[in-house]
Amino acid sequence: MSFLNPVTTQTWTNGRHLVRCVKVIQETWDTRTFCFMAEQPVMFFFKPGQFVTLELEIDGQQVMRSYTISSSPSVPYSFSITVKRIPGGMVSNWLHENLGVNDELAVHGPVGNFNVIDYPADKVLMLSGGVGITPLMSMARWFFDTNAAVDLQFVHSARTPRDIIFHRELEHIFSRIPEFGLHIVCERSDQLGDAWAGFRGYLGLPMLELMVPDLMEREIFCCGPTPYMAAIKQLLRGKGFDMSHYHEESFGATPLAVQETVIEHVEQAEAEAEELDVADMISVEFRQSGKSVRIQPGDTVHTAAAKLGLHIPKACGMGICGTCRVPLTAGQVDMDHNGGITDDDVAEGYILSCCSKPLGDVVVEY
């Protein structure tokens, strides 16, 4: 009956967390999505629209940069950020050129007041410009995945057709629910191969009223470059819109309060690392590969493999599927599985690497 055991996972709370990049998706010619998971199963619950702060080291300098989560908490075992290359942008260019699958980094969060949970409404208008689409995409995905009873109108402005982030997914989502309406505006489409039959130019009041005649009745969420949001606010105020129903997220430097909290988390992590004696670390040897690594107590065999660049196949990460089964040839582990391995397999010396924490030095046949 072990398969009936409750799945033991942690829930994401604001703080410092080590995560691993598990996928990189090229969204457009200059925009990529980076997907992250935790080595130990974590339910990444957050309010759609919130952001995380990345803790990076670039050219020997510690750098903090905040990015909105573009994925939805309805897919809880991972989260994603979507980053556009900025000419001269130190962090965005570094992420595009250096961050790849299996790379680890620390993130802080989630935090942020810009979200759809705190401002519920039956009728919603989302306005985005460029990469400002990311928090609104998280919100739209959440509404779609949870079958929310929301009348949603989504208006996105891009420079050209090739700059439309999430274009195919937007069309998929908004083609399946009659209460969802999608409107995309391209500033220009005069480049070779950029055929475009949709709205062109800059979003103005006549165009917006044509798209969303009842915009005055809606809760509005807006994100994009500062000039874009300034133009939207001027447009709405001129129309007499009640600005208490207008919410925006700006793309800029990490807020000071968040920076201070992040620094506290980093200092605490550094102090804990100094307290950890090297002698307390555990050796994990992978005999077939001829590689070994020392890990902290509480880390899993799968974490050890990943640090060495060894890919042990893994699907669920929670000891359910049995995909990550490997032979343990020496040492002991604490295996907290959820029915993904039989008693006979355990008797023969097999373990599930995703949920097995070495109790001392171990040797794995892999």
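As the structure is a prediction and not an experimental result, all values here were calculated from the model. (Residues numbered from 1 in each chain as written. Predicted model: local features only at pLDDT ≥ 70, side-chain atom pairs only at ≥ 80, totals over all residues. Heavy atoms only, no water.)

1. Side note on helix H1 (residues 90-98)
Listed as buried for H1 are Val91, Ser92, Asn93, Leu95 and His96. Packed against the buried residues of H1 are strand S3 (31-37), strand S5 (51-58), strand S6 (61-68) and strand S7 (79-84). (Buried < 20%, exposed > 50% of the residue type's maximum accessible area, 1.4 Å probe, protein only. Helix = DSSP H or I, 4+ residues; strand = E, 2+ residues; numbered from the N terminus. Contact = heavy atoms within 4.5 Å.)

2. Side note on the sheet that holds S7
Judged by pairing direction, the sheet is antiparallel, and its six strands sit side by side in the order S6-S5-S8-S2-S3-S7 without closing on themselves. The open sheet is flanked by S6 and S7, the only strands paired with a single partner. Sheet twist, expressed as the average angle between the axes of neighbouring strands with direction ignored, equals 40 degrees. Relative to S6, S5 runs antiparallel, the two sharing eight bridges. Bridging across to S6, Glu55 finds its partner in Met64. Strands in contact with H1 are S3, S5, S6 and S7; relative to S5, the strand with the most contacts, it is inclined by about 80 degrees. (Pairing = 2+ DSSP bridges. Axes fitted to C-alpha atoms, helices over the stretch in contact; angles between N-to-C directions.)

3. A few points about the packing of helix H2 (residues 133-145) against helix H3 (residues 167-176)
Remark: H2 packs on H3, axes separated minimally by 11 Å, with the N-to-C direction vectors making an angle of 35 degrees. For the pair H2 and H3, the sense of crossing is left-handed. Of the residues in H3, those in contact with Ile133, Met137, Arg141 and Phe144 of H2 are Glu169, Leu170, His172, Ile173 and Arg176. Here the residues of the contact of H2 with H3 are counted per class, giving five nonpolar, one polar and three charged. (Left-handed = near helix turned anticlockwise from the far one by under 90°. Nonpolar A, V, L, I, M, F, W, Y, C, P; charged D, E, K, R; others polar.)

4. Examining the confidence of the model for the protein chain
For the protein chain, per-residue confidence averages 88 on the pLDDT scale, and 88% of positions sit at 70 or higher. Mean pLDDT across the secondary structure elements of the protein chain bottoms out at helix H6 (residues 256-275), with 59, and peaks at strand S9 (residues 123-129), with 98. (pLDDT = per-residue confidence, 0-100.)

5. Brief notes about the packing of aromatic side chains
Two descriptors summarise a pair of aromatic rings, namely the distance from one centre to the other and the angle between the planes of the rings. Overall, the coordinates contain eight aromatic pairs when judged by the stated rule. Summarising the aromatic geometry, the rings of Trp12 and Phe46 are spaced 6.1 Å apart at their centres and angled 90 degrees between planes, so their arrangement reads as edge-to-face. Of this pair, Trp12 sits in the loop between strand S1 (10-11) and strand S2 (15-28) while Phe46 sits in the loop between strand S4 (42-43) and S5; the two residues are 34 residues apart in sequence, bridging distant segments of the chain. Relative accessible area serves as the criterion here: at 5%, Trp12 is assigned to the buried category. On the numbers, 5.0 Å between centres and 25 degrees between planes, the contact of Trp12 with Phe79 is stacked. Highlighted residues: Trp12 in the loop between S1 and S2 and Phe79 in strand S7, separated in sequence by 67 residues. (Phe/Tyr/Trp six-rings, centres within 6.5 Å; stacked < 30°, edge-to-face > 60°.)

6. What to know about the pattern of salt bridges
For the coordinates displayed, the defined rule picks out 15 salt bridges. Measuring nitrogen to oxygen at the nearest pair gives 3.4 Å for the salt bridge that ties Glu248 to Lys233. One end of the pair, Glu248, is in strand S14 (residues 246-250); the other, Lys233, is in helix H5 (residues 226-239), with 15 residues separating them in the sequence. For Lys233, a relative accessible area of 21% puts it in the partly exposed group. Here Arg325 makes a salt bridge to Asp345, at a shortest N to O gap of 3.1 Å. Taken as a pair, Arg325 in strand S17 (residues 325-330) and Asp345 in helix H8 (residues 343-347) lie far apart in primary sequence, 20 residues in all. (Salt bridge = Lys/Arg side-chain N within 4 Å of Asp/Glu carboxyl O.)

7. Let's talk about the nonpolar core
One broad trend across soluble globular proteins is that nonpolar side chains are buried collectively. By size, the foremost hydrophobic cluster in this structure holds 24 residues, and its most contacted members are Phe36, Leu54, Phe79 and Leu95. Elements represented by at least two residues in this core include exactly S2, S3, S5, S6, S7, H1 and strand S8 (104-111). A per-element tally of this core places S5 first, with four residues. When neighbours within four sequence positions are excluded, Leu95 is seen to be in contact with Phe34, Leu54, Leu56, Tyr67 and Val83. The next biggest cluster of nonpolar side chains, apart from the first, holds 23 residues, and it includes Val116, Leu152, Phe166 and Phe174. (Core = buried A, V, L, I, M, F, W, Y, C linked by side-chain atoms within 4.5 Å.)

8. Some details on the environment of Ile282
Looking at where Ile282 falls in the secondary structure, it is placed in strand S15 (residues 282-286). Ignoring anything within four residues of it in the chain, the contact list for Ile282 reads Val293, Arg294, Ile295, Pro297, Pro358, Leu359, Gly360 and Asp361.

9. Examining the state of the cysteines
Under the defined criterion, the tally for this structure stands at zero disulfides. For the unlinked cysteine Cys223, the closest cysteine sulfur is that of Cys222, found at 7.1 Å. (Disulfide = S-S within 2.5 Å.)

10. Considering the sheet that holds S17
With mixed pairing, five strands are arranged side by side in an open sheet as S16-S15-S21-S17-S19. With partners counted over all chains shown, the strands left at the sheet margins are strand S16 (291-295) and strand S19 (350-352), one partner each. For this sheet, the mean angle separating the axes of adjacent strands, direction not counted, is 35 degrees. Two elements, S15 and strand S21 (residues 362-364), share three bridges in a ladder whose sense is parallel.

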